[in-house]
Amino acid sequence: MQETYRQQGFLVLAVNEDRDQREAQRFLTAYNPGFEVRFDSNGKMAERFELKGMPTGLLIDRNGKVRFTHIGFLPADRAAYEDQIRQLLSDK
């Protein structure tokens, strides 16, 4: 989705909470997700956003407000996710 909407300002940023970053780095090297991944082994981001499950996707608007939250990822919901992304990108 990042590639599709990058030119309009969409950015995917993943936060990995693994304590062993070497293991995560091996995974990322093998699968090359194509988006930025940051590490937060003490879970501060999950606390800040009061996450209820993993993975959680947050769609944040241009003003930094969380507008949509998705717990888990279901490929069947991709069209709905993209509708939400387009909605946020059309907001000025």
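The rules behind each value
- Residues numbered from 1 in each chain as written.
- Predicted model: local features only at pLDDT ≥ 70, side-chain atom pairs only at ≥ 80, totals over all residues.
- Heavy atoms only, no water.
- Helix = DSSP H or I, 4+ residues; strand = E, 2+ residues; numbered from the N terminus.
- Buried < 20%, exposed > 50% of the residue type's maximum accessible area, 1.4 Å probe, protein only.
- Contact = heavy atoms within 4.5 Å.
- Salt bridge = Lys/Arg side-chain N within 4 Å of Asp/Glu carboxyl O.
- Pairing = 2+ DSSP bridges.

Q: Got a sec to walk through the overall build of the protein? Specific residues and values, please.
A: Counting secondary structure elements, the protein contains 4 helices and 4 strands. Reported as C-alpha extents along the three principal axes, the dimensions of the protein are approximately 40 × 30 × 25 Å. Across the 92 residues of the protein, 24% fall into the buried class. If you take every contact in the protein between residues at least 6 apart in sequence, the share linking residues at least 24 apart comes to 38%.

Q: Summarise the environment of R38; cite the residues concerned and give the values.
A: Mapped onto the elements, R38 comes out in strand β2 (residues 36-39). R38 gets classed as partly exposed once you look at its relative accessible area, which sits at 47%. Along the sequence, R38 and G72 sit 34 residues apart, while their C-alpha atoms lie 19 Å from each other. Not counting residues up to four positions away in its chain, the partners in contact with R38 are L13, A14, V15 and N16.

Q: So what's going on with the pattern of salt bridges? Residues and values would help.
A: By the definition in use, this model includes 9 salt bridges. A salt bridge links R86 to D83, with the shortest nitrogen-to-oxygen separation between them at 2.4 Å. Taken together, the residues R86 and D83, both in helix α4 (residues 78-90) and 3 residues apart, mark about one turn of the helix. In the salt-bridge network here, residues are joined through shared partners; they are R78, E82, D83 and R86.

Q: Which residues make up the pairing of strand β3 (residues 56-60), and what values do they have?
A: As defined by bridge partners, β3 adjoins strand β4 (residues 66-71) across 5 bridges and the pair is classed as antiparallel. What sits directly across from L59, in β4, is F68. Taking the residues that link successive antiparallel strands as the turn, the β3-β4 hairpin has 5 residues, and the phi of G64 there is positive, at about 85°.

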